[in-house]
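So the chains spell out like this:
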Amino acid sequence: MRLRDLPSVDELARGSDDPRAVEAARFVLGRAREQIQAGENPGDLGARLDAALGAARAPHLRRVINATGVIVHTNLGRAPLAPAAIERIREVAEGYSNLEYDLAAGGRGSRQEHVTKILRRLTGAEAALVVNNNAAAVMLALAALAERREVLVSRGELIEIGDGFRIPDVLERSGARLREVGTTNRTRVADYESAVGPETAVLLRVHQSNFRVVGFTEQPRLEELALVAQSHKLPLVDDLGSGALVDVGDEPTARASLTAGADLVCFSGDKLLGGPQAGIVVGRADLIDKLRGHPLQRALRADKLTLAALEGTLQLAVEAPGEIPVLRMLREPSEAVRTRATRLAERVGGQVEETVARAGGGSLPLTELPSFACAVEEKLAARLRDVDPPVIAVVRDGRTLLDCRTLSDAEADEIVAAIAAARS
Ligand SMILES: *Cc1c(COP(=O)(O)O)cnc(C)c1O
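Here the structure is a predicted model, which is why all the values come from computation and not from measurement.

**Topic: empty space enclosed by the protein**
In this approach, a probe sized like a water molecule rolls over the atoms, and the result shows the empty space that is left.
In step 1: Applying the stated criterion across every chain yields a total of two cavities of 30 Å³ or more.
In step 2: Of the voids in this model, the largest cavity is the one considered here, and its volume is about 50 Å³.
In step 3: If you go around the largest cavity, the residues you meet are Arg 340, Arg 343, Leu 344, Arg 347, Asp 409, Ala 412, Asp 413 and Val 416.
In step 4: Of all elements in the fold, only α15 (334-348) and α17 (409-423) reach the threshold of two or more residues within the lining of the largest cavity.
In step 5: Of the residues assigned to the lining of the largest cavity, the class counts are three nonpolar, no polar and five charged.
In step 6: Estimated volume of the second largest cavity: approximately 40 Å³.
In step 7: For the second largest cavity, the full set of lining residues is Ala 244, Leu 245, Val 246, Leu 272, Leu 273, Ala 317, Ile 324 and Leu 327.
In step 8: Residues belonging to the lining of the second largest cavity are distributed by class as follows: eight nonpolar, no polar and no charged.

Following this line, the structure appears as structure tokens:
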């Protein structure tokens with residue numbers, strides 16, 4: 001084919017009634033021109049146009065299969081939701097809801113009411129508030145309790161969570177002034193005591209989510225910090241990060257933190273809780289009221305779909321925690337993971353490999369979950385990202401590892417088809 005044999009954009013697009021056809025035809029012809037100039041055959045332009053339109057029609061945000069063994073994978077959307085939580089979203093999204101309507105009184109209600117009671121039951125708190133994410137929860141707490149005043153925080157807790165999110169920056173955006181106490185590896189109760197002054201508004205503890213300081217270290221226990229806070233009549237805010245509601249490894253629960261004396265506890269909805277992206281604050285009712293009344297609350301609040309999914313997840317946390325996917329993956333016996341890996345390996349001609357899975361999301365950084373992967377050829381890793389749904393795996397030592405702790409049985413079946421497609 002010669003350049004002058006190529007159809008015009010309009011001629012090529014004419015066969016399709018898709019509004020994106022002209023743009024797609026321009027793309028296909030541009031590529032064909034390059035190929036002809038390089039001495040190659042551009043092939044069937046109609047088929048190329050169909051392929052380009054297919055790609056343009058496909059949604060950009062898509063489901064993928066997580067074969068990395070990292071359970072709360074920040075790049076892969078963190079926590080998958082339980083079917084019961086998705087059902088709550090569907091019901092609330094499909095029609096109108098009592099989002100801010102009090103059915104008993106027949107008038108205006110509060111969107112926060114829907115999950116307050118269950119959060120109180122799960123954590124023992126007096127009151128609760130839900131916002132967009134945990135960074136927003138911490139920011140709102142400091143804005144409402146410490147604007148233009150001082151927040152004491154240990155130098156050992158001035159952390160970066162990931163993606164450039166740094167606790168000191170959030171602190172500053174809240175309008176509070178940061179006062180660092182202690183050193184990176186050692187902070188004592190006395191450091192807080194001597195830093196408290198007339199400007200102090202809040203004591204903040206930040207859970208060292210994604211790292212541990214080991215060796216010559218010291219951090220006061222939460223109980224000790226609570227005594228300092230109480231003796232100066234200052235609130236103690238505990239940013240837990242992951243915030244487990246039920247026992248998982250050595251991750252502190254929100255209830256334990258409140259029992260230890262924290263006045264407010266902030267945590268994520270989509271880390272170990274296993275629900276939607278959200279920031280949850282639980283604790284003293286008078287303090288929660290201050291957060292509710294702050295203008296930022298309006299900007300940071302959670303939407304109805306989040307609240308619906310959160311309520312569905314919290315109900316499972318009470319009744320059937322094993323149905324929350326994150327908890328199920330964390331707790332699945334390694335023998336069951338091995339069985340899944342063995343079946344997958346038999347079906348695709350791979351080898352079973354012992355691996356270490358991780359909680360991820362900055363949770364349980366030292367916990368190594370024994371796991372098993374199906375190992376296949378290294379070159380499949382890139383091709384598996386190009387099938388539908390894309391499969392995300394790990395390349396190690398010249399092979400592609402498909403970690404079976406983060407796969408359901410149904411997903412393992414999908415991977416069999418994906419590998420066949422990737423090999424052909
Ligand atoms: C993850 C984390 C945050 C941020 O939570 P998001 O829900 O991602 O906004 C804040 N603090 C700590 C300690 C964390 O681990």
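Moving on from the coordinates now.
**A closer look at the nonpolar core**
In step 1: One finds Val 130, Leu 203, Phe 267, Val 282, Leu 314 and Leu 330 to be the most contacted residues of the largest nonpolar core, which totals 57 residues.
In step 2: Taken together, domain 2 (65-75 + 327-423) and domain 3 (83-320) each give at least three residues to this core, which thus spans both.
In step 3: Core analysis: the second largest hydrophobic core is formed by 30 residues, Leu 129, Leu 142, Leu 145 and Leu 204 among them.

**Comments concerning the environment of Ser 16**
In step 1: Structurally, Ser 16 can be placed in the loop between α1 (9-13) and α2 (21-37).
In step 2: Taking the C-alpha atoms as reference, Ser 16 lies 15 Å from Phe 27; in sequence the two are 11 residues apart.
In step 3: Those residues in contact with Ser 16 that sit more than four places away from it in its chain are Ala 21 and Leu 53.
In step 4: Reaching out from Ser 16, the side chain makes a polar contact with the backbone nitrogen of Asp 18 at a distance of 3.0 Å.

**Some details on the sheet that holds strand β15 (residues 369-377)**
Sheet strands line up and pair through hydrogen bonds in the backbone, either parallel or antiparallel.
In step 1: The sheet built from five strands is open, its strands ordered β2-β14-β15-β18-β17 with mixed pairing. Two strands in the sheet have a free side with no partner beyond their single neighbour: β2 (70-72) and β17 (394-396). Across the sheet, the axes of successive neighbouring strands diverge by a mean angle of 40°, strand direction being ignored.
In step 2: As paired elements, β2 and strand β14 (residues 351-360) share two bridges and run parallel to each other. Each residue of the ladder has a partner; that of Val 70, found in β14, is Arg 358.

**Describing the pattern of salt bridges**
In step 1: Scanning the entire structure with this criterion turns up 31 salt bridges.
In step 2: The salt bridge involving Arg 155 is made with Glu 180; its shortest N-O contact spans 2.9 Å. Of this pair, Arg 155 sits in the loop between β6 (150-154) and β7 (160-162) while Glu 180 sits in strand β9 (residues 177-181), and the two are 25 residues apart along the sequence.
In step 3: A relative accessible area of 37% means that Arg 155 is categorised as partly exposed.
In step 4: A relative accessible area of 36% places Glu 180 in the partly exposed class.
In step 5: Between Glu 353 and Arg 399 there is a salt bridge whose closest N-O contact spans 2.9 Å.

**Some details on the side chain of Arg 111**
In step 1: Mapping Arg 111 onto the fold places it in the loop between β4 (107-108) and α5 (113-123).
In step 2: On the basis of relative accessible area, Arg 111 is assigned to the buried category, the value being 9%.
In step 3: A distance of 2.8 Å separates polar atoms of two side chains, one belonging to Arg 111 and the other to Glu 100.
In step 4: Not counting residues within four places of it along the chain, the set of residues in contact with Arg 111 comprises Leu 99, Glu 100, Arg 301, Ala 302, Asp 303, Lys 304 and Leu 307.

**Quick notes on the domain arrangement of the protein**
In step 1: In terms of domains, the protein is made up of domain 1 (3-56), domain 2 (65-75 + 327-423) and domain 3 (83-320).
In step 2: Relative placement of domain 2 and domain 3: their C-alpha centres are 33 Å apart.
In step 3: Both sides together, the interface formed by domain 2 and domain 3 hides about 960 Å², and carbon and sulfur atoms give 67% of it.
In step 4: Looking only at domain 2, the three residues that lose the most surface to domain 3 are Leu 327, Leu 364 and Pro 365, adding up to 40% of its buried area.
In step 5: There are zero salt bridges connecting domain 2 and domain 3.
In step 6: Across the domain 2-domain 3 interface, the total number found is zero residue pairs in polar contact (both at pLDDT 80 or more).
In step 7: Examining the composition of the side of domain 2 that touches domain 3, we find that three residues originate from one element, helix α14 (residues 325-331), more than from any other.

**Considerations on the sheet that holds β6**
In step 1: Spatial strand order, β5-β13-β12-β11-β10-β6-β9: seven strands in an open sheet with mixed pairing. For this open sheet the edge positions go to β5 (127-131) and β9, each flanked by a neighbour on one side alone. Going across the sheet, the axis of each strand differs from the next one's by a mean of 25°, ignoring polarity.
In step 2: Bridge count between β6 and β9: five bridges; the pairing is parallel. When the bridges of β9 are listed, Glu 150 appears paired with Arg 177.
In step 3: Those strands touched by α5 are β5 and β13 (279-283), and its axis lies near 120° from that of β5.

**Focus on the environment of Leu 158**
In step 1: Within the secondary structure layout, Leu 158 lies in the loop between β6 and β7.
In step 2: By relative accessible area, Leu 158 is classed as partly exposed at 22%.
In step 3: As for Leu 158 and Thr 184, which are separated by 26 residues in sequence, their C-alpha atoms are 8.6 Å apart.
In step 4: Ignoring any residue separated from it by four or fewer positions in sequence, one finds Leu 158 in contact with Val 153, Pro 168, Leu 178 and Glu 180.

**Details of the pairing of β13**
In step 1: Counting buried residues along β13, five of its five residues qualify, which places the element largely inside the surrounding structure.
In step 2: Here β13 shows a buried face lined by Gly 279, Val 281 and Gly 283 and a second buried face lined by Ile 280 and Val 282.
In step 3: Pairing geometry for β5 and β13, over five bridges, is antiparallel. By the bridge assignment for β13, Ala 128 is matched with Val 282.
In step 4: By the bridge criterion, five bridges tie strand β12 (residues 264-268) to β13 in an arrangement that is antiparallel. Bridged to Cys 266 within β13 is Val 281.

The rules behind each value
- Residues numbered from 1 in each chain as written.
- Predicted model: local features only at pLDDT ≥ 70, side-chain atom pairs only at ≥ 80, totals over all residues.
- Heavy atoms only, no water.
- 1 Å grid on protein atoms, 1.4 Å probe; cavity = no way out; pocket = protein on both sides within 12 Å on 5 of 7 lines; lining within 4 Å.
- Points joined across faces, edges and corners; volume = space filled by probe spheres on them.
- Helix = DSSP H or I, 4+ residues; strand = E, 2+ residues; numbered from the N terminus.
- Nonpolar A, V, L, I, M, F, W, Y, C, P; charged D, E, K, R; others polar.
- Core = buried A, V, L, I, M, F, W, Y, C linked by side-chain atoms within 4.5 Å.
- Buried < 20%, exposed > 50% of the residue type's maximum accessible area, 1.4 Å probe, protein only.
- Domains from an automatic or database assignment.
- Contact = heavy atoms within 4.5 Å.
- Polar contact = N/O pair within 3.5 Å; in protein donor to acceptor, adjacent residues only side chain to side chain.
- Pairing = 2+ DSSP bridges.
- Axes fitted to C-alpha atoms, helices over the stretch in contact; angles between N-to-C directions.
- Salt bridge = Lys/Arg side-chain N within 4 Å of Asp/Glu carboxyl O.
- Buried area = accessible area lost by both parts, 1.4 Å probe.

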